[in-house]
Structures are given as structure tokens and as C-alpha cells.
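Overview (structure and organization)
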There are 2 protein chains.
Amino acid sequence: MKTKGGSTPNALLGLLTLRPMSGYDIRQLISQSIGHFWSESFGQIYPGLKQLAAEGLVEKKTERNKGKPDRHLYSITSDGRERLREWLKIPVAEEVARNELLLKLFFGEHVSISVNREHVTANMEFHQRSLKVYTATAKQLQIDHPNDPQLPYWLITLNHGKHYSGAMLKWCKETLAELDAIESKGKRRR
Amino acid sequence: MKTKGGSTPNALLGLLTLRPMSGYDIRQLISQSIGHFWSESFGQIYPGLKQLAAEGLVEKKTERNKGKPDRHLYSITSDGRERLREWLKIPVAEEVARNELLLKLFFGEHVSISVNREHVTANMEFHQRSLKVYTATAKQLQIDHPNDPQLPYWLITLNHGKHYSGAMLKWCKETLAELDAIESKGKRRR
DNA sequence: GGGTGCATGTAATGGGTTACATGATTCT
DNA sequence: AGAATCATGTAACCCATTACATGCACCC
């Protein structure tokens, strides 16, 4: 059996192994941890936590604060840990990730070269920025959690980002060169 | 304005610039062309074509066949071409692509090394296969459409695949080595 | 007889984002 | 005064896949 549904609740369980958190905390944490390859919106998180609590996979404790609204802190139960471990064992279904940039480039002949060039340039800049973030984050993680047994796994995901963005930068450069070549070929024929 | 919705109808328009096709044809063609970065199901294609026809962006002609069911052939109109061109100009929204493999590896410390190793190995094999397909397809395209002005754009998308899968292969190898390292470190401590 | 390919389409279901609704505090 | 942050949650909506429904022809 391959994973299909249920990634979201399992992502929540996974994050709650780090520490007990509220839905709001989870959202914050995602952007600082798995944000480069995962996203969850409040519309998923809050109902998701509710559901997990109903199944006994997480426990809810309400923290009352004066002035500020209540915080609903969720912590993972041992049942939750077991559920997470089971899910981690299931092979990953490799599905086609839709890539709109490639779709547009595939039909690129229908518009001017400069339009295509702009798409590629934007993508290149995105990956340049990403690369910097990956490198900086890896450094910071090693400082903040030097002996954490999870650190190697976190670095693995960051290394993925580095390879990915590095490859994309190369491809962008080649593509820009190719677009130039298409342009000059068009001029020569005219 | 960034693209959000409407990629599907525009993908259909794009494909119909190649030649008039039925919904069934489109499904077939996708797997041989944009299948590495795009997918459409019948549940999207048939209603999509209907909608495009209602907007006058495609024209429907019914081809009656004895024995076999009717074929509804759709061809793009000049309005459709204009719509496609407009869409191609809109910058691509760069959204986080969810990656379940990375999500599982991020929480990899909760399961045995071999579980993680298997995820990575499966991914490595996938990219090895993909690389072969990209190379073969590029060769075949150059034979089948040597002078097609769209060829450079098609090759650009294939080149993307090559860079991507190549980078992923490297990462997989590094990751497997890292998993070995984690394992031997664990043994040493015991 | 049964599977596969051709060919169309709808309905149910799932998964997800965005917008809405609320309201206090703190910073500028 | 107004924006941002904290904090929770629901509802509407969009997009997409899967399952269902139909039916002939061809091959094994």
C-alpha cells in the first residue's frame, strides 16, 4: 500500500514530537522547518488537530491567558507516536508534480522570447534566494542543535534543497542561453 | 497578477494547438509529451473541453463511426489562441511543492535506518528510470520533428528533467552514505 | 467467456486554500 | 490612529482524482 491521504494529520503528529504546540505554533514552526517542502493552512491545521484529539492521538490542554486568547496546547500521545511510525514506514507514492513553469515553456513558441526569458529569470532568482536560505539554515541548525539525534535527518532535507536549487540554477542558465540561440536563429532566417 | 486557477483549461488549449483532438486523444498525448510535469484526468478533460467550447475558445466537430463510439474532435479557435497567449504571459506563481519523501525523512529518526534507506532507494530507482526516458525522448523528438519551431521548447522541458533527476540521483547517493554514517555512529555509541 | 482498448461522460469524494468572523495587545 | 501580532475556528469554494455507468469490437 502506498501513501495517499492522511499526510496532513501525520505531518501534524510529526511536528508535535518536537514539542507540545498550539495550532498557531505549528503554523509558525512549519515556515522555519519543513516550509521548503511542505505547507499547511489553518483551515487544515485546526480541524486536523481536533480530529487527532478525537482519535486519542494527541492530547489537548487549554492554557488560559489574561488579555490574550486561550491557547490550545496539543501534545502527542504514545498512540500518536505509534501511528506516526506506522505511517513513516509506508512507501512514498511518486506522483507527477505539476509544474506550471514547464507547462508554459512547453508552449513557449506561441509567445515572444522575452516572455519566456522572464519566466526563467524569475525562477532563477527564486532558486538563488533558496540556495542562500538552505545554506544559512544548515549552519544555524548545527549551532542550535549540535547533538540532536534528529539533526542528520534535518540536514538531509536541506541537502535536498541545495541539490535541487543548484540543478535548477544550472538549467535556468542553459535555458537562457538556449533562448538566445533561438532568437538569433530566428533573426538569421529573416 | 499571478496564475492560480485556470491552468487546466489553458493546458488543454495548448495541446489543441498541436492538432485537433478528442478528450481521449488528449489524455493519450499527455503521457507522451507533458506527462513528466503535468497530468489531467478525464474528470477534468471532458468538462474542461465543454466549458472551452461554451466560451468559443474551441470548436467541436462530431465524427461518427460505425461500431465504435462517436469521437468529439475539438480544435482551437483564434480566440482560443489569443487566450492561450495571454495566459502564457502571466508570471508563474512559485508555490511550495509538497514533498512527502522529504516529510518522511525529516521525521526519519523515529523509525529504523532501513526504512529510510528504502524510501531513498525507491526514489533513486525512480530517477534512474526517468533519466533514461528523458534521454530517449529527446533523441526521438529530434528524429521525429527535426525542423519544428517548437522543438527547442520541448527540449528545454526535457533538459529540466535531466537536471532534476541527475541532481536527485546525487542527493540519493549522498543520503544513503549519510544514513550509513548515522548507523555506524549509533553502533559506536552502544 | 473475459480482458483490453476505444470512447464519452457524470457523480461522489477528498483535499486544500482563502475568506470570513472575532477581539485584545503592542508597536509605530 | 492604524497596522501587526497573537489566537482560534468555520464556511465557502476550487480543483482534482476515482469510481461509476455505458457499450461495442477485437483478441486470446
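Residues numbered from 1 in each chain as written. Chains lettered and ligands numbered in written order. Predicted model: local features only at pLDDT ≥ 70, side-chain atom pairs only at ≥ 80, totals over all residues. Heavy atoms only, no water.

Going by the annotation in an unreviewed UniProt entry, the name recorded for chain A is PadR family transcriptional regulator, with Tunturiibacter psychrotolerans given as the source organism.

This part covers the packing of aromatic side chains. Taken as a whole and assessed by the stated rule, the structure comprises 11 aromatic pairs over all chains. Ring geometry for A:Phe106 versus A:Phe107: centroids 5.2 Å apart, planes at 90°, classification edge-to-face. Here the aromatic rings of A:Trp154 and B:Phe106 are separated by 5.8 Å at their centres, their planes lie at 20°, and the arrangement is stacked. Here A:Trp154, found in helix H7 (residues 151–189), pairs with B:Phe106, found in helix H5 (residues 100–106), and the two come from separate chains. The class of A:Trp154 is buried, set by a relative accessible area of 7%. For B:Phe106, a relative accessible area of 5% puts it in the buried group. Taken together, the ring pairs connect A:Phe37, A:Trp154, B:Phe106 and B:Phe107 into an aromatic cluster. Against the face of B:Trp87 rests A:Lys104, its NZ or CZ located 4.5 Å from the ring centre. (Phe/Tyr/Trp six-rings, centres within 6.5 Å; stacked < 30°, edge-to-face > 60°. Helix = DSSP H or I, 4+ residues; strand = E, 2+ residues; numbered from the N terminus. Buried < 20%, exposed > 50% of the residue type's maximum accessible area, 1.4 Å probe, protein only. Lys NZ or Arg CZ within 6 Å of the ring centre and 35° of its normal.)

Moving on, we get to the interface of chain B and chain A. Every contact between the two is made by 68 residues of chain B and, on the other side, 68 residues of chain A. Carbon and sulfur atoms make up 69% of the surface buried where chain B meets chain A, a total of about 6,800 Å² over both sides. Of all residues in chain B, B:Arg98, B:Phe106 and B:Tyr153 give up the largest surface area on contact with chain A, accounting jointly for 13% of the area buried on that side. Connecting chain B to chain A are 2 salt bridges. Connecting chain B to chain A are 20 residue pairs in polar contact (both at pLDDT 80 or more). (Contact = heavy atoms within 4.5 Å. Buried area = accessible area lost by both parts, 1.4 Å probe. Salt bridge = Lys/Arg side-chain N within 4 Å of Asp/Glu carboxyl O. Polar contact = N/O pair within 3.5 Å; in protein donor to acceptor, adjacent residues only side chain to side chain.)

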